[in-house]
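Architecture at a glance
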Amino acid sequence: MENNILTPKSYEIISVTHETNHEYTFRVATDIVPEHGQFLQLSLPKIGEAPISVSGFGLGYMDFTIRSVGKVTDELFKLQSGDKIFLRGAYGKGWPVEKFKNKNLIIIAGGTGVAPVRSMINKFYIEEDYVKSLNLIFGFKDIDSILFKPELDKWREKFNTIYTLDKGEKDGWEQGLVTKHLSKLPLDSFGDNYEVVIVGPPVMMHFTALEMLKLGVPEEKIWVSFERKMSCAVGKCGHCRIDETYVCLEGPVFNYTKAKSLLD
């Protein structure tokens, strides 16, 4: 009998990392190999299902960095290593990684928006010559909401990084929203050889994209990732539909030429 793409399967949790009080990273034992930027549907029997971006993957495992925001995620936070979780996927279109090859890549992310780009950044960390340069601008609300602390430090050693807090202070960190720091990007030195990735809450993506356009970045060089309520993940239920666009099928990654009409 062939596999039904809508049928969840049971997988074991390898470990749970408490990133913050509200965000945990679950490492799950699985042979599913996603693309960078795709999502899966995570479910618990009799509780419900939630679409979660893949924040990391490797041989025999996948990472999901989850924020507790409702019924399903609250129950997920009670699970420990050895417990079982149900997965189906991977779904959607991921980052156009091939397009980024030999380019100067800019990634601007806010809060949990770092999760959908984490696996791609780690790829570039290992494959040092994949991109010409990597420029990261990451913003978090405050010290207590910083994700992936060890990796942020690791990435700082190899890439051009600006880390900023909306509120509060931290050694080596800037202050203010990510949009405040975009003018520090060495865009002039990139010529035409660059691409821009923006991930975060819709309002952050909206204003960050507008600021990049003001700096002279063409629309077609900007990429964003949507987090909508993807229920079926295969374009049947319509929950994630915006006008005629099904985010679960055509996204979650979109070029800004398309995304500009979808951003709330």
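Refer to the preceding data block for the structure.
The structure contained in this document is the topic of the report that follows. (Residues numbered from 1 in each chain as written. Predicted model: local features only at pLDDT ≥ 70, side-chain atom pairs only at ≥ 80, totals over all residues. Heavy atoms only, no water.)

Thoughts on the pairing of strand S2 (residues 23–29)
Note the following rule: The classification of residues rests on relative accessible area computed with a 1.4 Å probe and restricted to protein chains. Under 20% of the type maximum is buried, over 50% is exposed, and intermediate values are partly exposed. Each helix is a run of DSSP H or I of at least 4 residues and each strand a run of E of at least 2, with the numbering of both proceeding from the N terminus. DSSP-based pairing: two strands are paired if at least 2 bridges between them are found.
Most of S2 sits out of view: 5 of its 7 residues are buried. Alignment of strand S1 (residues 9–18) against S2, held across 5 bridges, turns out to be antiparallel. Bridging across to S2, Ser 15 finds its partner in Arg 27. Across 7 bridges, the pairing between S2 and strand S5 (residues 61–67) is antiparallel. Among the inter-strand pairings, Val 28 is bridged to a residue of S5, identified as Met 62.

Observations regarding helix H3 (residues 115–126)
Rules: A helix's residues, less one, multiplied by 1.5 Å, set its expected span.
The terminal C-alpha atoms of H3 lie 18 Å apart, and with 12 residues this matches the ideal 16 Å at 1.5 Å per residue to within 8%. Residues Ala 115, Pro 116, Val 117, Arg 118, Ser 119, Met 120, Ile 121, Asn 122, Lys 123, Phe 124 and Tyr 125 constitute the buried set of H3.

Re the environment of Asp 142
Applicable threshold: Working rule for contacts: check all heavy atoms of both residues, and any pair within 4.5 Å makes them a contact. Pairs of N or O atoms are called polar contacts if they sit within 3.5 Å, as long as, within protein, a hydrogen donor faces a hydrogen acceptor (for residues adjacent in sequence, only side-chain-to-side-chain pairs).
Within the fold, Asp 142 resides in the loop between strand S8 (133–140) and helix H4 (149–158). In this structure, the C-alpha to C-alpha distance between Asp 142 and Gly 111, residues 31 residues apart in sequence, is 9.6 Å. Apart from residues lying up to four places away in sequence, Asp 142 is in contact with Leu 165 and Lys 167. Within the structure, Asp 142 has its side chain in polar contact with the backbone nitrogen of Asp 144 (distance 3.1 Å).

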